[in-house]
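Structural overview
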Amino acid sequence: MAARVIAVANQKGGVGKTTTAVNLAACIAAAGRRVLLFDLDPQANATSGLGLEKTEGASAYRPLLGEGSLLEKIQPTAFERLEMIPSEVDMCGADVELARSENHLQRVAIALRPVLESGRHDLVLVDCPPSLGILTLNAFAAADGLLVPLQCEYYALEGISMVNRILTQVRENGVNPRLELLGIVMTMYDGRTKLAQQVVSDVREHFGELVFETMIPRTTKLAEAPSFGKPIMYHDPYNPATAAYELLANEVMERLGLAAPGKKPA
């Protein structure tokens, strides 16, 4: 079975997008699946969040322009079954360069093909930039599913409506007819505030079962883990955010039919 490709995206910054991509990748790998985290964001926060250096020439920039193979850019991490295609500052030029390229919305899909055909991974998670530019649209064109982290705040629904509109356009314009909204994950949840409870209620009312049951709490340890180059489960195994991301990983695997080894797919 070919690896599934999931884009983690929200055009709004500061919603826990990269935090979710990094920690979800780590938890699914810890559950026994072979995971590739593809850092498509020029800020390269996912790269440093897994303890990798932002090294010139190490990113997908050249392969996206048809120069070299994306397979050669895959690097091991310190965490079992978790590999990575890092990002670095070169990716800042990708939006401009890709716009001039033939098949400019399909460059990620084309570059990923040999990676998927290699059979090295069960799941590819793509951490998208916090925008709906060409790199994010490329990720949408290459993905089977879209996972949207949503912060528990007043403007949350505005963010998801924009992503949903683009998803519909990508499908209906024939760029990627198979793209589905895998789910919405509520992040930075603080159950002590009425605002957070109201936002979650509103999002569930609009999107129903597409919203994951698991909500990611706001914790200090989760915020500091990237500075140690570790996912939260390795930085603080007993943190509430660790338990939350492990539960979210189970939900994601269930929706993808990727039950943990030894279990039957749902």
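Our subject is the structure listed above.
The rules behind these values
The residue numbers shown here count from 1 along each chain, following its written sequence. Residue-level local features of this predicted model are given only where pLDDT is at least 70; pairs of side-chain atoms are given and counted only at 80 or more, and the full residue set underlies all totals for whole chains, interfaces and linings. Based on all heavy atoms of the structure, the side-chain values leave hydrogens and waters out of the count. Counting from the N terminus, the helices are DSSP H or I runs at least four residues long and the strands are E runs at least two residues long. Based on C-alpha atoms, the radius of gyration is set beside the globule rule, defined as 2.2 Å times the residue count to the power 0.38. In this scheme, a residue with accessible area under 20% of its type's maximum is buried, one over 50% is exposed, and one in between is partly exposed, where area comes from a 1.4 Å probe on protein chains only. Residue contacts are counted whenever heavy atoms from the two residues lie within 4.5 Å of one another. Pairs of strands are assigned from DSSP output, requiring at least two bridges between the strands. Lines are fitted to the C-alpha atoms to define the axes, a helix being fitted only along its stretch in contact, and any angle between axes, read from their N-to-C directions, falls within 0 to 180 degrees. For a crossover, the right-handed case is the one in which the path from the first strand over the helix to the second runs clockwise, viewed with the strands pointing away from the viewer. A pairing counts as a salt bridge when a side-chain nitrogen of Lys or Arg comes within 4 Å of a carboxyl oxygen of Asp or Glu.

Before going further, it helps to spend a moment on the overall build of the protein. Helices and strands together make up the secondary structure of the protein, namely 11 helices and 7 strands. Computed over C-alpha atoms, the radius of gyration of the protein comes to 17 Å, within 12% of the 18 Å expected from 2.2 N^0.38 for 266 residues, which places it in the range of a compact globule. By principal-axis analysis of the C-alpha atoms, the protein measures approximately 50 × 40 × 35 Å. Across the 266 residues of the protein, 53% fall into the buried class. Residue pairs at least 24 apart in sequence account for 78% of intrachain contacts in the protein once pairs closer than 6 positions are excluded.

With that settled, consider the sheet that holds strand 2 (residues 35–39). If you trace the 7 strands from one edge of the open sheet to the other, you get 3-4-2-5-1-6-7, paired in mixed fashion. Of all strands in the sheet, those with a lone pairing partner are strand 3 (75–76) and strand 7 (180–187), marking the two edges. Here 4 bridges tie strand 2 to strand 4 (residues 82–85), and the two strands are oriented parallel to one another. Looking at the pairing, L36 lines up with E83 of strand 4. Taken strand by strand, helix 7 (residues 156–172) contacts strand 6 (145–151) and strand 7, and its axis lies near 165° from that of strand 6. Packing of helix 8 (residues 194–207) onto the sheet brings it into contact with strand 6 and strand 7, and relative to strand 7 it is tilted by some 170°.

Right, let's get into the pairing of strand 7. Where burial is concerned, most of strand 7 is hidden: 7 out of the 8 residues are buried. When strand 6 meets strand 7, the two strands line up parallel, connected through 7 bridges. Within strand 7, the residue paired with P149 across the bridge is V185. Note on the crossover from strand 6 through helix 7 to strand 7: the handedness is right-handed.

Before going further, it helps to examine the pattern of salt bridges. In the structure shown here, the tally under the stated rule is 13 salt bridges. Here D127 ties to K17 by a salt bridge, and the two come within 2.9 Å at their closest N and O atoms. A residue pair is termed long-range when its members are at least 10 positions apart, and D127 in strand 5 (residues 123–127) and K17 in helix 1 (residues 17–30) qualify at 110 residues. Taken as a pair, D127 and K17 share a single burial class, namely buried. In this structure, R62 and E67 form a salt bridge, with 3.2 Å as the shortest nitrogen-oxygen distance. Judged by relative accessible area, which is 40%, R62 ranks as partly exposed.

Moving on: the environment of V175. Examined against the element boundaries, V175 turns out to sit in the loop between helix 7 and strand 7. Placed 41 residues apart in sequence, V175 and I134 show a C-alpha to C-alpha distance of 13 Å.

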